[in-house]
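The residues making up each chain are set out below.
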Number of protein chains: 2
Amino acid sequence: MQYLTGTAKKDTLEISELLTSEWEGKKVKVNGAVHAIRDMGTIAFIILRKREGLLQGVYEEGISGFSLKDVREADTVEIKGVLEKNEKAPHGIEIRMKSLKLLSEPEDEMMPLAISKWKLNTSLDAKLNYRSISLRNIRERAKFKLQEGITRAFRDFLYEQGFTEIHTPKIGAKSAEGGANLFRLEYFHRPAVLQQSPQLYKQMMVGVYDRVFETAPVFRAEKHNTKRHLNEYTSLDFEMGYIDGFEDIMAMETGLLQYMMELLKKKYATELTVLNITLPDVSRIPAVRFDEVKQRAAEKYGRGIKNPFDLEPEEEQLIGQYAKEEWDSDFVFVTHYPSKKRPFYAMDDPEDPRYTLSFDLLYKGMEITTGGQRIHSYRALREKIAARGMEEEGLTHYLDTFRHGMPPHGGLGIGLERLTMKLVDEDNVRETTLFPRDLSRLEP
Amino acid sequence: MQYLTGTAKKDTLEISELLTSEWEGKKVKVNGAVHAIRDMGTIAFIILRKREGLLQGVYEEGISGFSLKDVREADTVEIKGVLEKNEKAPHGIEIRMKSLKLLSEPEDEMMPLAISKWKLNTSLDAKLNYRSISLRNIRERAKFKLQEGITRAFRDFLYEQGFTEIHTPKIGAKSAEGGANLFRLEYFHRPAVLQQSPQLYKQMMVGVYDRVFETAPVFRAEKHNTKRHLNEYTSLDFEMGYIDGFEDIMAMETGLLQYMMELLKKKYATELTVLNITLPDVSRIPAVRFDEVKQRAAEKYGRGIKNPFDLEPEEEQLIGQYAKEEWDSDFVFVTHYPSKKRPFYAMDDPEDPRYTLSFDLLYKGMEITTGGQRIHSYRALREKIAARGMEEEGLTHYLDTFRHGMPPHGGLGIGLERLTMKLVDEDNVRETTLFPRDLSRLEP
């Protein structure tokens, strides 16, 4: 028997630890993966890939206590040496190596992709086929580090605002928005579906905690094969009670985006630099009615309105352009979507029930959020369900929650991969999805 | 067009805001759900349920500017009044009400469960059948607030330790631990499964970020109908590279538990008080070999060993009792599990390959974590796969990652609902699962 007493500090150092005061000339020990070897004749550079970035080791024949021939790219190693200044090296430092210990070796050092190049010039398909390799490229992996920052900001901001985190089931007997586009499975001889949204559950939990959020996968069996659709993605959802109107939801999202950009600036500066990203100004976000902005964009860009009830992707793009040109904003809230395109739980505008008290948030011309106020009256809910010709079957628990009282409430869902995609200026959502699932891709 | 500029502060106050300095005699506005009404004749108490707890409103006939008859339990309301001290009231305060505005009304004020009682004395089945109602009980909802604290501590600690959060797909062509116990579905005319663990993905990502974690649902089609099994649960997973041995994983988990208990003490004191919980001492956690502790428990409690390769639930319980009695610890690491009961990726002990460099963590006699060192050599992995008579089909991407180099690494998975269950001293994991999925339960 032995006792464990907690995380022990190791003597191998991370890059940020190397950069503390009085580091010059210090003997240090570091580990990492051999990202690249650059043999210049009498000296050579061994570039290590560490979680905080690249680190240059200098090999000098006869001085470094090992042979360069014994090191290969994709080895993982532990090196000892003396830390020196070098303005041309990553982080302005390098290690003059005294010894090298091999921790592991690859079976095959020939990488399928040239990951040590600054830009991984290859097709999206090749990147995805070798996902666990292509992400070893410094720029590729930086995208998903920023994605972490987005999720982290979402949670931290909402904790501060008094929200409670929930975990709702992904297998269910019935789903939120009706019968289409559901993945079906057999659950111990009963038919079941994968949830396409935590919508009904998060509403039910508003009656318990007032404010709740969830960050979890959702599943949509849509047969779209576009640059913006996935069949599984991470949804950042929140729902809050005691609102005065759906403007409260938009204000909360604006506050969230402000918090997010501050966090990214503060804690993810390395990744922003690596990807050369300028964060958007979110100090104020314009909000404009659906029919008004649709009309305005149609007029300004001379494109006729084909579908008065929804926004086509091209229209979203033009509205994004309009918001940028007219209001100098990458973001724009489009409010009051037509009722017939919104789900049953959306609250209709009492002043004109053809429209809902709802919104989408567009970022650089693409929808990244759908939200709005929900119906909180049991009777109004049942009336709307009946008016749509829907069945109450499978909604019993949801409706019972309203039968026993619910505050006025609303919420939203943010597509994590889409938000990341727009932030890093990619044009295909698969670029910012770790392991995408689409019509043709089920692996890796 | 209007501009949104961020979260606006409302003039309705939360309980913590009421308790700031110089609050006595102050006019305040609060909202909440009517949790209970206690009519004492000339005066009455309206108890509001708010997200931070209960709040007492005092109704005085003729003074409060509304009629008690117009308020019902399960209404949501906004009240104005004067804040006064009352040591018998929750938080030592009450509001002498001047006005009340109705925000929403229930269809039916008769609750299916007596949620306003301190202890909800009802069956587990009734609680689960009316989950969104039963959780309105203050003690019931406190359990899931603590569950939030556990997840939050997991993430915050790992961020501090240089881990990166990842989101791996839940629908896949193949799963980590082989063919059994998988939910199957059709994915656009191809067979697919729901992942029972993010194991293979998190290992693949160690080659990218060195240290990764995920908090997400996993799915197991096990036909167990016990108090400790679920068919869908939340798994807290991490995986880390450059380890010296599996002891590094146990040390990291010990550090995590220490961080977790501190966070719960600091930020979840209300819930700990409500549930009357004493946090466990995790300053040191004993670790003992599987065969040794199995033998010791068998001897001490006079129970014969039936299965030398695994721990039966009753054995886990006795080992938990042993750790409490002999080492005064609620937790005990059981190390070196037999190889034949561990998955193919587990690293065998080079000193005795019948055992693995792995562990389970037991908490109050129940397994809440499985972890260990993994094989990082491509050849060793393929040899073990072959020796087990497994197919490499479906493991191509996983194996390719190792072909191109991986550091020594290991990790673990924690069952969130089980850890919560033991922390709050429940005896059925469904008590600490928001919406459980088991053999018979697919709703709500």
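Residues numbered from 1 in each chain as written. Chains lettered and ligands numbered in written order. Predicted model: local features only at pLDDT ≥ 70, side-chain atom pairs only at ≥ 80, totals over all residues. Heavy atoms only, no water.

Novice: Any chance you could explain the relation of the copies chain B and chain A here in plain terms?
Specialist: Here two copies of a chain appear, and what relates them is a rotation about an axis with a shift along it. Of the two same-sequence chains, chain B is brought onto chain A (RMSD 0.0 Å, axial shift 0.0 Å) by a rotation of 180°. Both chain copies can therefore be described as sitting about a two-fold axis. For chain B, the residue whose C-alpha comes nearest the rotation axis is B:Leu185, separated from it by 2.4 Å. Here 100% of the interface residues in chain B have copies in chain A that are interface residues too; the copies meet face to matching face. (Least-squares fit on C-alpha atoms with pLDDT ≥ 70 in both. Contact = heavy atoms within 4.5 Å.)

Novice: Help me understand the pattern of salt bridges in this model?
Specialist: A pair can form between side chains of opposite charge whenever their charged atoms are brought close. According to the stated counting rule, one finds 88 salt bridges over all chains in the structure shown. A salt bridge links A:Glu148 to A:Lys145; the shortest N-O distance between them is 3.5 Å. One end of the pair is A:Glu148 and the other is A:Lys145, both in helix 4 (residues 138-160) and 3 residues apart, which spans about a single turn. The shortest N-O distance in the salt bridge between B:Glu214 and B:Lys170 comes to 3.0 Å. Residue B:Glu214 is found in strand 11 (residues 211-219), and its partner B:Lys170 is found in the loop between strand 7 (164-165) and strand 8 (171-172); the two are separated by 44 residues along the sequence. By the burial criterion, B:Glu214 is buried, and B:Lys170 matches it. (Salt bridge = Lys/Arg side-chain N within 4 Å of Asp/Glu carboxyl O. Helix = DSSP H or I, 4+ residues; strand = E, 2+ residues; numbered from the N terminus. Buried < 20%, exposed > 50% of the residue type's maximum accessible area, 1.4 Å probe, protein only.)

Novice: Explain the packing of helix 4 (residues 138-160) of chain B against helix 12 (residues 416-423) of chain B here, please?
Specialist: Helices that pack against each other are described as a pair by the angle of their axes relative to one another and the distance between those axes. All names here are of chain B. Running from amino to carboxyl end, helix 4 crosses helix 12 at an angle of 120°, the nearest separation of the two axes being 10 Å. Judged by the inter-axis angle, helix 4 sits oblique to helix 12. Between helix 4 and helix 12 lies a crossing whose hand is right-handed. Taking contact as the criterion, the partners of Lys143, Leu146, Gln147, Ile150 and Thr151 in helix 4 are, on helix 12, Leu416, Glu417, Leu419, Thr420 and Leu423. (Axes fitted to C-alpha atoms, helices over the stretch in contact; angles between N-to-C directions. Parallel < 35°, antiparallel > 145°, perpendicular 65-115°, else oblique. Left-handed = near helix turned anticlockwise from the far one by under 90°.)

Novice: What is the right way to look at helix 10 (residues 378-387) of chain A in this model?
Specialist: Each α-helix turn comprises 3.6 residues. Residues three or four places apart therefore point the same way. Residues and elements named next belong to chain A. Here helix 10 has its buried residues at Tyr378, Leu381, Lys384 and Ile385. Across the axial projection of helix 10, the buried residues extend over an arc of 135°, all falling on one side. The exposed residues of helix 10 that point more than 90 degrees off its buried face are Arg379, Glu383, Ala386 and Ala387. Tucked into the core, helix 10 has its buried residues touching strand 15 (348-349) and helix 11 (396-403). Remark: Gly389 follows helix 10 within two positions and exhibits a positive phi of approximately 70°. (Arc of directions from axis to C-beta.)

Novice: Before we go on, may I ask you to explain the interface of chain B and chain A in this structure?
Specialist: Often, the extent of an interface is quoted as the loss of accessible area upon association of its parts. Contacts between the two partners involve 124 residues from chain B, matched on the other side by 124 residues from chain A. Between chain B and chain A, a total of about 10,600 Å² is buried, with carbon and sulfur atoms accounting for 57% of that surface. Looking at the side of chain B facing chain A, the largest losses of area belong to B:Leu4, B:His404 and B:Leu442, adding up to 8% of the total buried there. Where chain B packs against chain A, one counts 8 salt bridges. If you look at where chain B meets chain A, you find 66 residue pairs in polar contact (both at pLDDT 80 or more). (Buried area = accessible area lost by both parts, 1.4 Å probe. Polar contact = N/O pair within 3.5 Å; in protein donor to acceptor, adjacent residues only side chain to side chain.)

Novice: Can you help me understand the pairing of strand 9 (residues 184-187) of chain A in this one?
Specialist: When a strand is regular, its side chains alternate between the sheet's two faces. All names here are of chain A. Residue alternation in strand 9 divides its side chains into a buried set, Leu185 and Tyr187, and an unburied set, Arg184 and Glu186. Across 4 bridges, strand 9 lies against strand 10 (residues 190-194) in antiparallel orientation. Within strand 10, the residue paired with Arg184 across the bridge is Val193. (Pairing = 2+ DSSP bridges.)

Novice: When you look at the pairing of strand 6 (residues 93-104) of chain B in this model, what are you seeing that I'm missing?
Specialist: Where strand 4 (residues 53-60) of chain B lies against strand 6 of chain B, 3 bridges are found, and the strand directions are parallel. Bridging from a neighbouring strand, B:Gln56 pairs with B:Glu94 of strand 6 of chain B.

Novice: Would you mind going over the packing of aromatic side chains with me for this structure?
Specialist: Both the distance between ring centres and the angle between the ring planes are used here to describe each pair of aromatic rings. On inspection of all chains with the given rule, the structure shows 34 aromatic pairs over all chains. Ring plane angle 85° and centroid distance 5.4 Å describe the contact between A:Phe333 and A:Phe359, whose orientation is recorded as edge-to-face. Taken together, the positions of A:Phe333 in strand 14 (residues 331-335) and A:Phe359 in strand 17 (residues 358-363) put the pair 26 residues apart, joining distant regions of the chain. Judged by centre distance (5.3 Å) and plane angle (75°), the ring pair of B:Tyr322 and B:Trp327 falls under edge-to-face. Here B:Tyr322 and B:Trp327 have matching classes, each one buried. Aromatic ring contacts, followed pair by pair, group A:Phe344, A:Tyr345, A:Tyr398 and A:Phe402 into a single cluster. Between A:Lys340 and the ring centre of A:Phe309, over which it is positioned, the NZ or CZ distance is 4.1 Å. The ring of A:Tyr159 has B:Arg152 lying over it, and the distance from NZ or CZ to the ring centre is 3.9 Å. (Phe/Tyr/Trp six-rings, centres within 6.5 Å; stacked < 30°, edge-to-face > 60°. Lys NZ or Arg CZ within 6 Å of the ring centre and 35° of its normal.)

Novice: Please clarify how the sheet that holds strand 4 of chain B should be interpreted in this entry.
Specialist: Strand pairing in a sheet relies on backbone hydrogen bonds, with the paired strands running either antiparallel or parallel. Residue and element names in this part refer to chain B. Taken in spatial order, the 5 strands of this closed barrel run 2-3-4-6-5, and their pairing is mixed. Sheet twist, expressed as the average angle between the axes of neighbouring strands with direction ignored, equals 55°. Looking at chain direction, strand 3 (residues 43-50) and strand 4 are connected through 8 bridges and run antiparallel. Bridge pairing in strand 4 links Ile43 to Glu60. Helix 4 contacts strand 2 (27-39), strand 3 and strand 4 of the sheet and is inclined by roughly 20° relative to strand 3.

Novice: Is there a simple way to think about helix 11 (residues 396-403) of chain B in this case?
Specialist: Buried residues of helix 11 of chain B: B:Tyr398, B:Leu399, B:Asp400, B:Thr401 and B:Phe402, and no others. Against helix 3 (131-134) of chain A together with helix 5 (199-209), helix 10 (378-387) and strand 19 (409-415) of chain B lie the buried residues of helix 11 of chain B. Two residues or fewer after helix 11 of chain B comes B:Gly405, characterised by a positive phi angle close to 95°.

Novice: Is there a simple way to think about the packing of helix 10 of chain B against helix 11 of chain B in this case?
Specialist: Residues and elements named next belong to chain B. Taken N-terminus to C-terminus, the directions of helix 10 and helix 11 make an angle of 145°; their axes are 8 Å apart at the nearest point. In this structure, helix 10 contributes Tyr378, Leu381, Arg382 and Ile385 to the contact, and helix 11 contributes Tyr398, Leu399, Phe402 and Arg403. Partitioning the contact of helix 10 with helix 11 into residue classes produces 6 nonpolar, no polar and 2 charged. (Nonpolar A, V, L, I, M, F, W, Y, C, P; charged D, E, K, R; others polar.)

Novice: How should the sheet that holds strand 19 (residues 409-415) of chain A be read in this particular structure?
Specialist: Taken in spatial order, the 9 strands of this open sheet run 7(A)-11(A)-12(A)-19(A)-18(A)-17(A)-14(A)-13(A)-1(B), and their pairing is mixed. Each edge of the open sheet is held by one strand with a lone partner, namely strand 7 (164-165) of chain A together with strand 1 (2-4) of chain B. Sheet topology places strand 7 of chain A next to strand 11 (residues 211-219) of chain A; 2 bridges connect them, and they run parallel. Directly across from A:Glu165, in strand 11 of chain A, lies its bridge partner A:Phe213. Most of the contacts of helix 5 (residues 199-209) of chain A go to strand 12 (residues 232-241) of chain A, to which it runs at about 30°, and overall it touches strand 7, strand 11, strand 12, strand 18 (366-374) and strand 19 of chain A.

Novice: I would appreciate a short explanation of the environment of B:Val332 in the present structure.
Specialist: Residues and elements named next belong to chain B. Tracing the backbone shows Val332 in strand 14 (residues 331-335). Overall, the relative accessible area of 1% leaves Val332 in the buried class. Linking Val332 and Lys267, residues 65 residues apart in sequence, is a C-alpha distance of 26 Å. Residues contacting Val332, with those up to four places away along its chain left out, are Ile285, Pro286, Val288, Ile319, Ala323, Trp327, Asp360, Leu361 and Leu362.

Novice: Which parts of the structure should I look at to understand the environment of B:Gly149?
Specialist: All names here are of chain B. Counting through the fold element by element, Gly149 comes out in helix 4. In this structure, the C-alpha to C-alpha distance between Gly149 and Lys80, residues 69 residues apart in sequence, is 33 Å. If near-sequence neighbours (up to four positions away) are discounted, Gly149 is found in contact with Leu263, Leu264 and Tyr268.

Novice: Before we go on, may I ask you to explain unusual backbone geometry in this structure?
Specialist: Keep in mind that most residues, glycine aside, have a negative phi and that most peptide bonds are trans. Residues and elements named next belong to chain A. Backbone torsion omega between Glu443 and Pro444 reads -10°, so that peptide bond is classified as cis. Within the fold, Pro444 resides in the segment after helix 12 (416-423). Of note in the backbone geometry, Ala74 takes a positive phi value of approximately 80° without being a glycine. Here Ala74 lies in the loop between strand 4 (53-60) and strand 5 (76-85).

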